[in-house]
Amino acid sequence: MKMFFRLSFPVQKLIPQRCSRIATTRSWKYKHKKDTGVFARPMLLQLQRSYSTSHQHILRNEHLESGDADVYKILSEDMKVIPDFITEQEEQSLLQEAMKVVKRLRYEFNHWDNAIHGYRETEKKNWNELNSQIIKNVQHLAFVQQDCPLAYVHILDLAQDGFIKPHVDAVRFCGDTIAGMSLLSSCVMRLAQESDKNMFANVHLPQRSLYIMKNRARYEFTHEVLKDEESFFDGKHISRQRRISIVCRNEPRPEDTS
């Protein structure tokens, strides 16, 4: 049964200046469809979670938003998103080859470092001609000339109800740049300063996009993929379905392997 409700005030005025009041005040009046008993509070709580930087001006571009100017500046430089990096045909080609490997695996709910829930993952070195060229394009764009890309490409299949918890990729396994393509679904990735989780930004990763995380974004920020019910960007819900990411990394720094 479909249920409808309407707010008795414009939502735009809540974002971001008044979001902190949403969960605490009892003075809001809600209008809802007669006899449904469904109120607007759940949606407002989602807006509050997505805009916990209340009383701050939200800085935003097409793919990045943050309530902190320093965080926004750092991630504007060190967290790039390229929409439509691959075509639908290229996406299907990557999916077909990746699925030959991951379909034999079971979804896991206990990651070795407790970073991922509801996933299956593997690595692949050899790809067909078309997919090899796509991966070379990623590496050419993401890594500087002196970087040595890891030979094995990471495949991560995240179930629809799966999520990636805040973490920093182990520095002993990969270097200063991580580049990933998003297949099957869009998502919202949150990057938070490791030293202060309240200093964060949300990054919209559209389906078939490429993100490049490097330098300070790589080492000083945790990153996570939000659950579907938490997946908001610019006040809009970004549907998070099953998502497969194809991730390229470079060799770790010598000082991190010694």
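Note that the structure is a prediction, hence the values are computed from the model and not measured.

S.K.: Would you mind going over the overall build of the chain with me for this structure?
M.R.: On a plain count of helices and strands, the chain comes out with 6 helices and 15 strands. Counting all 258 residues of the chain, 49% fall into the buried class. For the chain, the share of sequence-separated contacts (at least 6 apart) that also reach a separation of at least 24 residues comes to 77%. Surface summary for the chain: the accessible area is close to 14,000 Å², and the carbon and sulfur share equals 49%.

S.K.: Looking at this structure, I do not really get helix H2 (residues 69-78). What am I missing?
M.R.: An α-helical turn contains 3.6 residues, so a residue and the one three or four places further along point in the same direction. Along H2, the residues classified as buried are Val 71, Tyr 72, Ile 74, Leu 75 and Asp 78. Projected onto a plane normal to the axis of H2, the buried residues spread over an arc of 170 degrees and lie on a single side. Exposed side of H2, more than 90 degrees from the buried face: Ala 69 and Lys 73 are the residues found there. For H2, the capping residue at the N-terminal end is Asp 68, with a side-chain oxygen 3.1 Å from the backbone nitrogen of Asp 70.

S.K.: Just to check I follow, could you spell out the pattern of salt bridges for this structure?
M.R.: Between side chains of opposite charge, a pair can form as their charged atoms come close. Using the criterion set out here, one finds 10 salt bridges in the structure. One salt bridge in this structure joins Arg 60 and Asp 234, with 3.3 Å as the shortest N-O distance. With Arg 60 in strand S3 (residues 59-60) and Asp 234 in the loop between strand S13 (232-233) and strand S14 (236-237), this pair connects stretches of sequence that are 174 residues apart. Exposure remark for Arg 60: the relative accessible area of 31% places this residue in the partly exposed category. Note on Asp 234: relative accessible area 32%, which makes it partly exposed. Two residues, Glu 91 and Arg 208, come together in a salt bridge whose shortest N-O distance is 3.0 Å. In this pair, Glu 91 is assigned in helix H3 (residues 88-102) and Arg 208 in the loop between strand S10 (196-205) and strand S11 (210-214), connecting sequence segments 117 residues apart. In this structure, Glu 91 and Arg 208 share a single accessibility class: buried. Each member of the salt-bridge network shares a partner with another, and the members are Arg 60, Glu 65, Asp 234 and Lys 236.

S.K.: Where do I start with the environment of Ala 115 in this structure?
M.R.: By secondary structure assignment, the location of Ala 115 is in the loop between H3 and strand S6 (116-124). Along the chain, Ala 115 and Glu 224 lie 109 residues apart, while their C-alpha atoms are 8.6 Å from each other.

S.K.: Would you take a moment to explain the side chain of Asp 157 for this structure?
M.R.: Examined against the element boundaries, Asp 157 turns out to sit in strand S7 (residues 153-167). Side-chain polar atoms of Asp 157 contact the side chain of Arg 242, separated by 2.8 Å. In this structure, Asp 157 is in contact with Val 102, Tyr 107, Gly 118, Tyr 119, Arg 120, Arg 242, Arg 243 and Ile 244, ignoring residues within four places of it in sequence.

Scoring rules and cut-offs
- Residues numbered from 1 in each chain as written.
- Predicted model: local features only at pLDDT ≥ 70, side-chain atom pairs only at ≥ 80, totals over all residues.
- Heavy atoms only, no water.
- Helix = DSSP H or I, 4+ residues; strand = E, 2+ residues; numbered from the N terminus.
- Buried < 20%, exposed > 50% of the residue type's maximum accessible area, 1.4 Å probe, protein only.
- Contact = heavy atoms within 4.5 Å.
- Areas by Shrake-Rupley, 256 points an atom, 1.4 Å probe, with all protein chains shown as cover.
- Arc of directions from axis to C-beta.
- Polar contact = N/O pair within 3.5 Å; in protein donor to acceptor, adjacent residues only side chain to side chain.
- Salt bridge = Lys/Arg side-chain N within 4 Å of Asp/Glu carboxyl O.

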